[in-house]
Amino acid sequence: MNSGHPRPGGSPPRHLAERLPPFLFRVGLAPVLGGRLLLLHHTGRVTGRYYRTVLAVLDFDAPEGRWTVAAAGGDQADWYRNLRTHPKTVIQYGNHHHTVNARFPDAAESEAAGAGLTPPAAWRHCPRSRARSGPGGLALVVLEAAVGYRRPRGLGPRRTR
């Protein structure tokens, strides 16, 4: 008998949509995502468990090796809080893995950077993001590549002979 309540895991199409991007990263089809997503590998701040989270890239600076991402749940997002505890981590961008250090801009820098960035359209449907997505509540994270970063091929300006 159907009680009218939704299933605990969400509807099947939504469940599939949430699991598709990590699957594409795992099988090597991340370039299909068009460089707009990255896979963040992070460690739980309390449990020490290993997690993977797909994030939207708001800005990418190829020569410097710098990715800017934002937390849809503000500074209460689990991956954001985990990065606060363990800022050195690994990301997968395209089919390449990069060791990065997370930097958390102060309020003034976040506001200046957030003014020129448009949050992804999917955030309209996230109730937690509505309260925190204003200029003062946008929780930005800058992921800076560690020493030895090599610019991925096909990204950024090309050298001329």
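Scroll up to find the structure.
Remember, it's a predicted structure, so these values are computed and weren't measured experimentally.

Visitor: Before we go on, may I ask you to explain the overall build of the chain in this structure?
Guide: Across its full length, the chain holds four helices and six strands. Element order for the chain, N to C, with α for helix and β for strand: α-β-β-β-α-β-β-α-α-β. Taken over 161 residues, the chain has a buried fraction of 33%. At a minimum sequence separation of 6, the contacts of the chain that also span at least 24 residues come to 63%. If you sum the accessible surface of the chain, you get close to 10600 Å²; carbon and sulfur atoms cover 53% of it.

Visitor: Any chance you could explain the sheet that holds strand S3 (residues 66-71) here in plain terms?
Guide: The strands making up a sheet are joined through hydrogen bonds of the backbone, oriented either antiparallel or parallel. Read around the barrel, six strands follow the order S1-S2-S3-S6-S5-S4 and close on themselves; strand pairing throughout is antiparallel. Between one strand axis and the next, the sheet turns through 45 degrees on average, direction left out of account. Bridge analysis of strand S5 (residues 96-103) against strand S6 (residues 139-145) gives four bridges, and the strand direction is antiparallel. Note on S6: the bridge partner recorded for Ala-102 is Leu-143. Along the sheet, helix H2 (residues 78-85) makes contact with strand S1 (37-43), strand S2 (50-61), S3, strand S4 (88-93), S5 and S6, crossing S6 at roughly 50 degrees.

Visitor: Even after reading the chapter, I still don't get the nonpolar core, so can you show me in this structure?
Guide: Side chains of a nonpolar character, in soluble globular proteins, are inclined to be buried together. Core analysis: the largest hydrophobic core is formed by 20 residues, its most contacted members being Leu-38, Trp-67, Trp-79, Tyr-80, Leu-83, Val-141 and Leu-143. For this core, the elements supplying multiple residues, two or more each, are S1, S2, S3, H2, S4, S5 and S6. The element best represented in this core is S6, accounting for four residues. The residues touching Leu-38, leaving out its near neighbours within four places in the chain, are Phe-25, Thr-53, Val-54, Leu-55, Val-57, Trp-67, Val-69, Ile-91, Gln-92, Tyr-93 and Leu-143.

Visitor: Would you take a moment to explain a nonpolar patch on the surface for this structure?
Guide: A surface patch of nonpolar side chains, amounting to about 450 Å² of accessible area, comprises Leu-20, Phe-23, Val-27, Leu-29 and Val-32. Mapped onto the elements, Phe-23 comes out in helix H1 (residues 12-26).

Visitor: Help me understand the pairing of S6, please; the structure alone is not making it clear to me.
Guide: Working note: regular strand, side chains alternate between the two faces of the sheet. In terms of burial, S6 is largely enclosed, as six of its seven residues are buried. The pairing of S3 with S6 spans six bridges and is classified as antiparallel. Counterpart to Arg-66 in the pairing with S6 is Glu-144.

Conventions and cut-offs
- All chains use their own residue numbering, which begins from 1 and follows the written sequence.
- A pLDDT threshold of at least 70 governs which residues receive local features in this predicted model, and a stricter bar of 80 or more applies before side-chain atom pairs are shown or counted, although totals over entire chains, interfaces and linings include all residues.
- Just so you know, side-chain values use all the structure's heavy atoms and leave hydrogens and water out.
- Helix and strand assignments follow DSSP, with helices taken as H or I runs no shorter than four residues and strands as E runs no shorter than two, numbered in order from the N terminus.
- When accessible area is computed with a 1.4 Å probe and restricted to protein chains, residues below 20% of their type maximum are described as buried, those above 50% as exposed, and intermediate ones as partly exposed.
- The contact criterion used throughout is that any non-hydrogen atoms of two residues lie within 4.5 Å.
- Areas reported here follow the Shrake-Rupley algorithm with a probe of radius 1.4 Å; residue values treat only the protein chains shown as occluding.
- Two strands form a pair only when DSSP identifies at least two bridges running between them.
- A fitted line through C-alpha atoms serves as each axis, taken over the contacting stretch for helices, and the angle formed by two N-to-C directions is quoted from 0 to 180°.
- We define a nonpolar core as any set of buried Ala, Val, Leu, Ile, Met, Phe, Trp, Tyr and Cys residues linked to one another through side-chain atoms lying within 4.5 Å.
- Only residues whose relative accessible area exceeds 30% and that take part in no salt bridge are eligible for patches, with like-charged residues grouped when within 9 Å of each other and nonpolar side chains (Val, Leu, Ile, Met, Phe, Trp, Tyr) grouped when within 5 Å.
- Should a side-chain nitrogen of Lys or Arg be within 4 Å of a carboxyl oxygen of Asp or Glu, the pair is scored as a salt bridge.

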